Amino acid sequence: MLATTHLALINVFTGDIQGGLGPFLGTWLAQTGGWSPARVGFVTTLVGVSALFLSGPAGAVVDRIGRPRLLIAAACAAILAGTLLILPATSFPAVFAAQMVAAAGGVLLLPAITELTLGIVGKDRFPKQQGRNQAYNHLGILIAAGLISFGTAYFGAAVAFWVLGAMAVLAIVATLTTPGHCYNGRRAVGWKEDDPDDKPERATTRSVLSNRKLMVLAVALALFNLGNGGMLTLLGQKLVAAGSDATAWTARYVMVAQLVMIPVALFAGSLADKRGRRKLLLVALAVLPVRAALSAFIDDPVWLISAEILDGVASGIVGVAVPVVVADLTWGSGRTQTALGTVNAVQGIGGALSAWYGGLAQSVLGWSGSFLALGAPALIALALVIWLDATSEPGRRTQRRERLAASLKPA
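All of these numbers come straight from a predicted model, not from anything done at the bench.

Definitions and limits used
Residues numbered from 1 in each chain as written. Predicted model: local features only at pLDDT ≥ 70, side-chain atom pairs only at ≥ 80, totals over all residues. Heavy atoms only, no water. Helix = DSSP H or I, 4+ residues; strand = E, 2+ residues; numbered from the N terminus. Rg over C-alpha atoms; globule rule 2.2 N^0.38 Å. Buried < 20%, exposed > 50% of the residue type's maximum accessible area, 1.4 Å probe, protein only. Contact = heavy atoms within 4.5 Å. Areas by Shrake-Rupley, 256 points an atom, 1.4 Å probe, with all protein chains shown as cover. Axes fitted to C-alpha atoms, helices over the stretch in contact; angles between N-to-C directions. Left-handed = near helix turned anticlockwise from the far one by under 90°. Nonpolar A, V, L, I, M, F, W, Y, C, P; charged D, E, K, R; others polar. Patch = residues over 30% accessible without salt bridge, like charges linked within 9 Å, V, L, I, M, F, W, Y side chains within 5 Å. Salt bridge = Lys/Arg side-chain N within 4 Å of Asp/Glu carboxyl O. Lys, Arg positive; Asp, Glu negative; His and termini not counted. Charge placed at Lys NZ, Arg CZ, Asp CG, Glu CD. Core = buried A, V, L, I, M, F, W, Y, C linked by side-chain atoms within 4.5 Å. pLDDT = per-residue confidence, 0-100.

## Focus: the overall build of the protein
Helix and strand counts for the protein come out as 15 helices and 0 strands. Scaling as 2.2 N^0.38, a compact globule of 411 residues should have a C-alpha radius of gyration of about 22 Å, and the protein matches this with 21 Å. Taken across its 411 residues, the protein has 51% of its residues classed as buried. The long-range fraction of contacts in the protein, counting pairs at least 24 apart against all pairs at least 6 apart in sequence, stands at 82%. Per element, the accessible surface of the protein, about 18400 Å² overall, is 66% carbon and sulfur.

Rendered as structure tokens:
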């Protein structure tokens, strides 16, 4: 079996488990422990904020150890252990501790999979492979959602544990059976593969994280997530206020967005070299204000599907473009995953604040105004990315022009 096939399987099986039980945690705790929504929301928020502080160190661990297969397996095992520990947990400290174990595994997965991908396919093939990774990732989420949706009627809320557990085990198997000789640690960080005696010094963490372009990218993504993260939640509340079946429609919107993300991720991976990473990010950021306007002024749940199609477009592009841009900006430093983990932490701050920001805007501006307020941060992010020269490496067309110009120069 090809190593890229193993990458596909890893992404399918880790697509759903990266966030642990996710929205099913609240359902489980409410049904089995009688937890109130406020208590569930508090522990979820506390775990989410705490996980942000683990993201940068997790990337640094991946850079330092250089054994991504082992780290992916360990991350999946941590997610599985943390999830299973929820079963007997009843007290707040026990639930928090279990979720932190799962969260630690979740933040480790992305940089470890990115490292494994770079070490297998190399930098030149990374954009297209990252598109495939994300497509398979969304496919895995869809499969898990379908299994849980149909299985709940027969097995109850516990089916979420069975699905997550099975996917975690399958992800570990797919990871550990990936041919070891296909991964090259020097290829993964941009060092010369044909000279193993050449051991460049890794850049200091401070020098990498002080990269102005990297920080601008992180701030732009934080602003994007500030608008994007809470929009579907606010849309569900709007449907409740309108008397619609919010739960059913929200589930449909999630499915639509995931279905759209699959072809968008593949398309974005192919276009990353041809059109440039910055243009892809500009499209993703420009889509969010349009989605916000549709959510603000459309009340019919059927027509609101158009807004969630745009969610699939924006999120599908961001999932592909961000690791590629971070690799561009840090290539050869030996700190690519440290940078990726840090960028994820900064953008996670925006996502963590999004629901609060949207709720506050709704109380002041009403439903239409709140959605427009969620779209506003994306306009600032758009301006930042217009300024940002997102790729340190030009696209293939530019490379071809440069090679042609060089060949025409007199010797």
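There is more to say, and it comes next.
## Quick notes on the packing of helix α5 (residues 92-155) against helix α6 (residues 159-176)
For the pair α5 and α6, interaxial distance at closest approach is 8 Å and the crossing angle is 145°. Like other packed secondary-structure pairs, α5 and α6 cross with a definite hand, here right-handed. Packed against α5, whose contacting residues are Gly 140, Ile 143, Ala 144, Leu 147, Ile 148, Gly 151, Thr 152 and Phe 155, the element α6 presents Val 159, Ala 160, Val 163 and Met 167 at the interface. Split into classes, the residues belonging to the contact of α5 with α6 amount to 9 nonpolar, 3 polar and no charged.

## Describing a positive patch on the surface
Among the surface-exposed residues, Arg 125, Lys 128, Arg 132, Lys 274, Arg 275, Arg 278 and Lys 279 lie close enough to one another that they form a single positively charged patch. Sorting the residues of the positive patch by element identifies α5, α11 (246-275) and α12 (277-297) as the ones contributing at least two each. The element contributing the most residues to the positive patch is α5, with 3 residues.

## Quick look at the nonpolar core
Ranked by internal contacts, the top residues of the largest apolar core, which has 57 residues, are Leu 214, Leu 217, Tyr 253, Ile 317, Val 322, Val 326 and Val 343. Where this core is concerned, the elements lending two or more residues are α5, α9 (212-228), α10 (231-241), α11, α12, α13 (305-330) and α14 (336-387). Discounting residues that sit within four places of it in the chain, Leu 217 has contacts with Leu 281, Val 325, Val 326 and Leu 388. Among the nonpolar cores identified, the runner-up in size contains 56 residues, and Val 43, Ala 51, Ala 89 and Phe 161 belong to it.

## A short note on a nonpolar patch on the surface
On the surface, a nonpolar cluster with roughly 630 Å² of combined accessible area is contributed by Ile 349, Leu 353, Trp 356, Leu 360, Val 364 and Leu 365. With respect to the element layout, Trp 356 can be found in helix α14. By relative accessible area, Trp 356 is classed as exposed at 57%.

## Some thoughts on the confidence of the model for the protein
Interpretation of this model should avoid reading the predicted coordinates in detail wherever pLDDT is low. Across the protein, pLDDT averages 84, with 90% of residues at or above 70. Looking across the protein, the model is least confident in helix α15 (residues 396-408), with a mean pLDDT of 54, and most confident in helix α4 (residues 68-84), with 92. Within the model, the stretch residues 390-394 combines pLDDT values under 50 with 14 contacts to residues more than four positions away or in other chains.

## Quick word on the environment of Leu 29
On the secondary structure map, Leu 29 appears in helix α2 (residues 24-33). Since its relative accessible area comes to 2%, Leu 29 is described here as buried. For Leu 29 and Ile 86, which are 57 residues apart along the polypeptide, the C-alpha to C-alpha distance reads 8.8 Å. Here Leu 29 is in contact with Gly 34, Trp 35, Val 40 and Val 95, once residues within four sequence places are set aside.

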